[in-house]
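Structure at a glance
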Amino acid sequence: MRAPLLMVIISYAIALIGFVLIPGVDDHGQPYRYGFFDAFYILSYTATTIGFGEIPYPFTTHQRLWMTFSIYLTVISWFYAIGAIIALFQESALKLAFKNAMFQRDVRNLMEPFYLICGYGETGGELVRALDKNELRVVVLEISPERINELEMTDYQFYIPHLCADAKLSEVLLYAGIKNPMCRGVAALTDDDHANLAISVAVKLIKPDLPVLARVQNDVIAANMASFGTDRIINPYNIFGEHLAMRLNALGTYLLHEWLTRAPGDAIATPAPVPQGHWIACGFGRFGKSVVSSLQNGEMHVTIIEADPQGTQCEDCIIGSGVESHILQQAGVENAVGIVAGTDNDINNLSIVMTALELNPKLFVIIRKNKRHNDPLFQHFNADITMQPSDVIAHTCLSYMVSPMLAEFLVTARHQGNAWANAVIAQLVSKLGEQVPDTWDITIADDMAVAVCALMEQGILPALKHLMMRPAGQQRHEMPVVPLMLVRGEQKMLLPELSTPLQIGDTILCCGLDQAKSIQRFVMHDIKTLHYLVTGTEMPETWIGRWLKAGGR
């Protein structure tokens, strides 16, 4: 902008000096000279092509000659300056500078905890949707302009600060607020393992105590992430294999896990049991190996069909893609109980299953879906188990982000047995309904449970049940909340008794409806309400009232 501005200033100065120096004539025929202000006034409406007239007196011939020269000089200068300004605002570098500045301002203005999501692909989009439903703020970095446009077109309940930039760059991570005290963690969810590694390393070097969740598929890169202290390394194929093993051996535990990790409000259907017998697995890549391992651990006999046995290191398999009927017949599809279509091509997976069902309509179908835009095809097909890596990763991240205790509870729940999990599910359904509930954790501390700590100082000991109640007129009613776990020091209490007295430092994992969460937070900070819930009597509001209630002591 320096050259256009200098040109406008110089042209104005030349024209202004000319108007001041060239004399005019007033209405009495006497010489008249413009002052600088009057000259600037005339020049302003002339240079901007507005036009107003010859004031205060008609111009002389010399003045009109100078006015003609000034019009061309200043108008051309303005055209050049305006053109330069328009071209400047169309420059991608300036647009990026403005967006960077606005993005940094939005991040600085976040006054509540947020998570940084690096990558707004299928996985990142699913996670952002779930976090937004859980009323958790997020900041998004995405290198693809098309995906940023998709984010801007999506309707979320909270505004999501976002920037189209490469999250591998440390300065971009700093823009996104990894040093902001409100940042609660970073999720590296790009499609590139090396990019996720770079993000994890940068965050751990800049702010080592900030939790990092990273998506990875390569075992070597996963080991590299672990060496830098990445908190959670998420391999979707390994996780799916573990979930399939749970479904095979502990259906109740699997259902409990699904119930607590999906977005609130989603409906969970009771899954069909996985049949025992002979299985066929088409594709022996990362997904196929995980599924085959889970099936074989469940004492299933598995026949593998693989088009590239050397590349996948498959020693005992039938060579083929699985879309050919004679290959499926060679694998014994007529006598099989289930088939796994696990290649990295969605159309091939659908073709494998369609061909197999023509030969054996009773097959149990596990199919891998790679791209979310193929949802209509897979919904029409309606397989028994549909695995999409992005969903697996998003649900895993959600379990760590929504409540730090939730992931710990799920790990503990796996060791409790299927009967215990079924009992928990029955309790949740009877009290909360059949839709996915919300989960959150609370801590009994001075800054997070003011009313609880205040009552304890007065010698009144609230119990766990009092945080699960709400006042309704002159009565106390239970809220739709189930305490899943109470952690007291090194002790973990699963499904603690409601009569358990609270202690300073207790951390409680709760599961319930969103409205109950809001009421519970209010009760924990309002001593008058909590006093009524604990004692059943109104708390005196004045010092005299409290003195009289204490017997005048």
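Described in the following lines is the structure provided in the data block. Residues take numbers from 1 onward in each chain, read along the sequence in its written order. Residues qualify for local features only when their pLDDT is at least 70, as the model is predicted, and side-chain atom pairs are given and counted only at 80 or more; totals for whole chains, interfaces and linings, by contrast, use all residues. Values reported for side chains reflect all heavy atoms of the structure, with hydrogen atoms and water molecules removed beforehand.

We now examine a nonpolar patch on the surface. The patch calculation keeps residues exceeding 30% relative accessible area without a salt bridge and links them within 9 Å when they carry like charges or within 5 Å when they are nonpolar (Val, Leu, Ile, Met, Phe, Trp, Tyr). Shrake-Rupley sampling with a 1.4 Å probe provides the accessible areas, and residues are treated as covered by the protein chains on show and by no other component. Salt bridges are identified by distance alone: a Lys or Arg side-chain nitrogen within 4 Å of an Asp or Glu carboxyl oxygen. Residues Met1, Leu5, Ile9, Leu88, Phe89 and Phe98 make up a contiguous nonpolar surface patch of about 560 Å² in total accessible area. Numbering of helices and strands runs from the N terminus; a helix is a DSSP stretch of H or I covering at least four residues, while a strand is a stretch of E covering at least two. Within the residue set of the nonpolar patch, elements represented by two or more residues are helix H1 (2–21) and helix H3 (61–89). Looking at the secondary structure, you find Ile9 in helix H1.

Outside of glycine, negative phi angles account for most residues, and trans bonds account for most peptide bonds. The residue after Ile55, namely Pro56, is reached through a cis peptide bond having omega -5°. The phi dihedral of Gln313 is positive, around 60°, even though this residue is not glycine. Its location among the elements puts Gln313 in the loop between helix H13 (309–312) and strand E11 (318–319).

On to helix H15 (residues 346–359), then. Working rule for helices: expected span equals 1.5 Å times residues minus one. The terminal C-alpha atoms of H15 lie 20 Å apart, and with 14 residues this matches the ideal 20 Å at 1.5 Å per residue to within 8%. Of all the residues in H15, the buried ones are Asp346, Asn349, Leu350, Ile352, Val353, Thr355 and Ala356. At its buried positions, H15 is contacted by strand E9 (278–282), helix H14 (325–330), strand E12 (338–341), strand E13 (364–368) and helix H16 (375–381). Accessibility here uses a 1.4 Å probe with only protein chains present; expressed as a share of the type maximum, an area under 20% marks a residue as buried, one over 50% as exposed, and anything in between as partly exposed. Pairs of residues are marked as contacts when any of their non-hydrogen atoms sit within 4.5 Å.

Angles shown run from 0 to 180 degrees and are taken between the N-to-C directions of axes, each axis being a line fitted to C-alpha atoms and, for helices, limited to the stretch in contact. Relative orientation of the contacting elements helix H10 (residues 236–249) and helix H11 (residues 251–261) amounts to 135°, with a least axis distance of 5 Å. Judged by the angle between their axes, H10 and H11 are oblique. Only Leu251, Thr253, Tyr254, His257 and Glu258 of H11 make contact with H10, whose side of the interface consists of His243, Met246, Arg247 and Asn249. For this classification, Asp, Glu, Lys and Arg are treated as charged, while Ala, Val, Leu, Ile, Met, Phe, Trp, Tyr, Cys and Pro are nonpolar and the rest, including Gly, are polar. Here the residues of the contact of H10 with H11 are counted per class, giving three nonpolar, four polar and two charged. By definition in this entry, angles of less than 35 degrees are roughly parallel, angles greater than 145 are roughly antiparallel, angles of 65 to 115 are roughly perpendicular, and the rest are oblique.

So, about the sheet that holds strand E18 (residues 481–488). Strand order across the open sheet formed by four strands is E15-E20-E18-E19, with antiparallel pairing between neighbours. Two strands bound the open sheet, and with one partner strand each, they are strand E15 (438–443) and strand E19 (491–494). With strand direction ignored, the average angle separating the axes of adjacent strands in the sheet is 20°. A pair of strands counts as paired when DSSP detects no fewer than two bridges linking them. With six bridges joining them, E15 and strand E20 (residues 507–512) adopt antiparallel strand pairing. If you follow Thr443 over to E20, its bridge partner there is Thr507.

Moving on to the nonpolar core. We define the nonpolar core as a collection of buried residues of types Ala, Val, Leu, Ile, Met, Phe, Trp, Tyr and Cys that are connected through side-chain atoms lying within 4.5 Å of one another. Formed by 45 residues in total, the largest nonpolar core has its most connected members in Ile117, Leu127, Trp279, Leu295 and Ile366. In terms of residue count, helix H17 (residues 389–401) provides more of this core than any other element does, six residues in total. If sequence neighbours within four positions are ignored, Leu295 has contacts with Leu244, Leu248, Trp279, Met300, Val302 and Val340. Membership of the second largest hydrophobic core comes to 30 residues, among which are Leu141, Ala165, Leu173 and Ala188.

What follows concerns the side chain of Thr123. Mapped onto the elements of the fold, Thr123 is located in helix H5 (residues 122–133). By relative accessible area, which is 3% here, Thr123 ends up buried. The contact partners of Thr123, leaving out residues within four places of it in the chain, are Leu189, Arg215, Ser390, Ile393 and Ala394.

A few words on helix H22 (residues 527–535). Residues of H22 that are buried include every one of Thr529, Leu530, His531, Tyr532, Leu533 and Val534, and no others. One or two steps after H22, the chain reaches Gly536, where phi turns positive at roughly 80°.

Right, let's talk about the layout of surface pockets for a bit. With a 1 Å grid laid over protein atoms only, a set of points is called a cavity when a 1.4 Å probe fits there but cannot get out and a pocket when it is open yet has protein on both sides within 12 Å along at least five of seven lines; lining residues have an atom within 4 Å of a point. Grid points are joined across faces, edges and corners, and a volume is the space filled by probe spheres set on the points. Here the largest pocket is characterised by a volume of approximately 1300 Å³. What lines the largest pocket is a set of 48 residues, among which Tyr400, Met401, Val402, Ser403 and Pro404 lie closest to the centre. No other element matches E15, which puts six residues into the lining of the largest pocket. Partitioning the lining of the largest pocket into residue classes produces 23 nonpolar, eleven polar and 14 charged.

Quick look at the packing of aromatic side chains now. Remark: the centre distance and the inter-plane angle together describe each pair of aromatic rings, the angle taken between the planes. Two rings from Phe, Tyr or Trp (for Trp, the six-membered ring) form a pair when their centres sit within 6.5 Å of each other. Planes less than 30 degrees apart are called stacked, planes more than 60 degrees apart edge-to-face, and all others tilted. Across all of its chains, the model carries twelve aromatic pairs by this definition. Plain terms: the ring middles of Trp279 and Phe364 are 5.9 Å apart, the flat faces sit at 65° to each other, and that makes the pair edge-to-face. Within this pair, whereas Trp279 is found in strand E9, its partner Phe364 is found in strand E13, the two being separated by 85 residues in sequence. This pair shows no difference in class: Trp279 is buried, exactly as Phe364 is. Members of the aromatic cluster, each reached through a chain of ring pairs, are Phe19, Tyr32, Tyr34, Tyr57 and Phe59.

Looking now at the sheet that holds strand E3 (residues 114–118). Strand-to-strand pairing in sheets goes through backbone hydrogen bonds, with the strands running parallel or antiparallel. Read across the open sheet, the six strands follow the order E5-E4-E3-E6-E7-E8; overall the sheet is parallel. At either margin of the open sheet sits one strand with a lone partner, and together these are strand E5 (162–164) and strand E8 (232–234). Sheet twist, expressed as the mean angle between neighbouring strand axes with direction ignored, is 15°. With three bridges connecting them, strand E4 (residues 137–142) and E5 associate as parallel partners. When the bridges of E5 are listed, Leu141 appears paired with Leu163.

All right, on to empty space enclosed by the protein then. If you walk through the whole model with that rule in mind, you get three cavities of 30 Å³ or more. Taken as a whole, the largest cavity encloses approximately 60 Å³ of empty space. Looking at the lining of the largest cavity, the elements that each hand over two or more residues are H11, H17 and E15. Classifying every residue of the lining of the largest cavity gives six nonpolar, four polar and two charged.

With that settled, consider the pattern of salt bridges. Using the criterion set out here, one finds 14 salt bridges in the structure. In this structure, Asp106 engages Arg105 in a salt bridge whose closest nitrogen and oxygen atoms are separated by 3.3 Å. Among the salt bridges present, the one from Arg147 reaches Asp191, with a minimum N-O distance of 3.1 Å. Taken together, the residues Arg147 in helix H6 (residues 145–153) and Asp191 in the loop between strand E6 (183–188) and helix H8 (193–206) connect sequence positions 44 residues apart. Classification of Asp191 as exposed rests on a relative accessible area of 55%. Each of Glu142, Arg147, Asp191 and Arg215 takes part in salt bridges that share partners, so that together they form one network.

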